[in-house]
Amino acid sequence: MAIEVADKTYETDEEGYLVNLSDWSEDVANHIAKSENIDLSPNHWEVVNFLREYYSEFQIAPAVRVLTKAIGKKLGPDKGNSKYLYELFPYGPAKQACKIAGLPKPTGCV
Amino acid sequence: MSEQGGEKGGMDLEEETSGVVKKFMFVNRKAPHGTIYALEALEVVLISAAFDQDVSLAFLDDGVYQLAKGQDTKPIEVKNFSPTYRALEGYDIEKLYVERESLEARGLTEDQLIVPVEVMSGEELARRMEEQDVVIGC
């Protein structure tokens, strides 16, 4: 499968995750978000950027439980809870936000 | 919108699996690259964290190389997953045991490892193994 953004084609897997991490850009993120019916707000970006930093440090996308805890540590308890994160990313803060962040599906995503 | 404690969302497996907590030990004996064992074991360990079990990892024989700092996998064109061991803490997996004899036989020291570990003799490690409900060799 593939998506097309500004006349360029990017390869994705059958679930819509980018195949090549280096294909990611903010435009690609906006495109993927739109196809998931999400308008990226600064709050969304905060989570997306957090995930990208996590990935570059640990070479994995975190499981949702770990993400929630880590967000809480970094951005405070108002944001480090499932309710807040599921409101931003209804299909799962790890799964859906990772897709928008151009990362593979989280390890430990059961 | 004043509701607190949003942890009650339906996606948590914790409630269903609380009850029985078993002691699992994953025994890593192989070098990190060249076979898929080390990476697969690490993924299973990360997944096991979702089930709130008592998980520990043992590293012995060439398995101690999995934790070596400064791995460069570019020439062999595989992913360097060693930074992922540093994510284990966030998954509440903090029992990492390294056999002293294996470390010494390979000229490695504790400060050349990428994560904090407990270095112990083979004898002590055997005792820990004895305490487990499940031991998985990787």
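Brief notes about the overall build of chain B
Thinking step 1. Helix and strand content of chain B: four helices and five strands.
Thinking step 2. Secondary structure elements in chain B, listed N-terminal to C-terminal, are α-β-α-β-β-α-β-α-β.
Thinking step 3. Looking at chain B as a whole, 26% of its 138 residues are labelled buried.
Thinking step 4. Sequence-distant contacts, at least 24 apart, represent 74% of the contacts inside chain B between residues at least 6 apart.

Some words on the overall build of chain A
Thinking step 1. Looking only at helices and strands, one finds five helices and two strands in chain A.
Thinking step 2. The helix and strand sequence of chain A, counted from the amino end, reads β-β-α-α-α-α-α.
Thinking step 3. Computed over the C-alpha atoms, the radius of gyration of chain A is 13 Å, within 12% of the 13 Å expected from 2.2 N^0.38 for a compact globule of 110 residues.
Thinking step 4. Taken over the C-alpha atoms alone, chain A extends approximately 40 × 25 × 25 Å along its principal axes.
Thinking step 5. Considering chain A as a whole, with its 110 residues, one finds that 34% of them fall into the buried category.
Thinking step 6. For chain A, long-range pairs separated by at least 24 residues make up 51% of all intrachain contacts whose partners lie at least 6 apart in sequence.

Some points on the domain arrangement of chain A
When the parts of a complex come together, some accessible area is lost, and that lost area is often taken as the interface size.
Thinking step 1. Under the domain assignment used here, chain A contains domain 1 (2-35) and domain 2 (42-100).
Thinking step 2. Of note, the centres of domain 1 of chain A and domain 2 of chain A, computed from C-alpha atoms alone, are 19 Å apart.

Some points on the sheet that holds strand β3 (residues 95-99) of chain B
Residue and element names in this part refer to chain B.
Thinking step 1. Pairing is parallel across the open sheet formed by five strands, whose spatial order is β4-β3-β2-β1-β5. On the outer flanks of this sheet lie β4 (118-120) and β5 (134-137), each paired with one strand and no other. Direction aside, the axes of adjacent strands within the sheet are offset by 25° on average.
Thinking step 2. The pairing of strand β1 (residues 23-28) with strand β2 (residues 54-59) spans six bridges and is parallel. The residue bridging Lys 23 from the neighbouring strand is Asp 54, located in β2.
Thinking step 3. Relative to the sheet, helix α2 (residues 37-48) contacts β1 and β2, its axis offset from that of β1 by approximately 165°.
Thinking step 4. Its contacts with the sheet place helix α4 (residues 122-130) against β1, β2, β3, β4 and β5, and it is angled at close to 140° to β3.

Examining the pairing of β1(B)
All names here are of chain B.
Thinking step 1. Handedness of the β1-α2-β2 crossover: right-handed.
Thinking step 2. With four bridges joining them, β1 and β5 adopt parallel strand pairing. Bridge pairing in β5 places Met 25 opposite Val 135.

Some words on the nonpolar core
Thinking step 1. Grouped together as the largest cluster of nonpolar side chains are 51 residues, with contacts concentrated most on A:Leu51, A:Ala97, A:Ala101 and B:Val45.
Thinking step 2. Summarising the domain contributions, this core has at least three residues from each of domain 1 (2-35) and domain 2 (42-100) of chain A.
Thinking step 3. Those residues in contact with A:Leu51 that sit more than four places away from it in its chain are A:Ala61, A:Ala97, A:Cys98, A:Ala101 and A:Leu103.

Concerning the packing of helix α2 (residues 42-58) of chain A against helix α3 (residues 64-75) of chain A
Geometrically, a packed helix pair is captured by the angle between its two axes and the distance between the axes.
All names here are of chain A.
Thinking step 1. At their nearest, the axes of α2 and α3 sit 11 Å apart, and the two run at 110° to each other. When the interaxial angle is binned, α2 and α3 end up roughly perpendicular. Facing Glu 46, Val 47, Phe 50 and Tyr 54 of α2, the residues of α3 in contact are Ala 70, Ile 71, Lys 74 and Leu 75.
Thinking step 2. A class-by-class count of the residues in the contact of α2 with α3 yields six nonpolar, no polar and two charged.

Observations concerning the confidence of the model for chain B
Residue and element names in this part refer to chain B.
Thinking step 1. Considering every residue of chain B, the mean pLDDT works out to 89; 87% of them sit at 70 or more.
Thinking step 2. In this model, residues 1-10 is a region of pLDDT below 50 whose contacts with residues beyond four sequence positions or in other chains number 11 contacts.
Thinking step 3. Interface predicted TM-score (ipTM) for the complex: 0.84; the corresponding pTM is 0.85.

The rules behind each value
- Residues numbered from 1 in each chain as written.
- Chains lettered and ligands numbered in written order.
- Predicted model: local features only at pLDDT ≥ 70, side-chain atom pairs only at ≥ 80, totals over all residues.
- Helix = DSSP H or I, 4+ residues; strand = E, 2+ residues; numbered from the N terminus.
- Buried ≥ 20, exposed ≤ 12 C-beta atoms within 10 Å, placed from the backbone.
- Contact = placed C-beta atoms within 7 Å.
- Rg over C-alpha atoms; globule rule 2.2 N^0.38 Å.
- Domains from an automatic or database assignment.
- Pairing = 2+ DSSP bridges.
- Axes fitted to C-alpha atoms, helices over the stretch in contact; angles between N-to-C directions.
- Right-handed = clockwise from strand over helix to strand, strands pointing away.
- Core = buried A, V, L, I, M, F, W, Y, C linked by C-beta atoms within 7 Å.
- Parallel < 35°, antiparallel > 145°, perpendicular 65-115°, else oblique.
- Nonpolar A, V, L, I, M, F, W, Y, C, P; charged D, E, K, R; others polar.
- pLDDT = per-residue confidence, 0-100.

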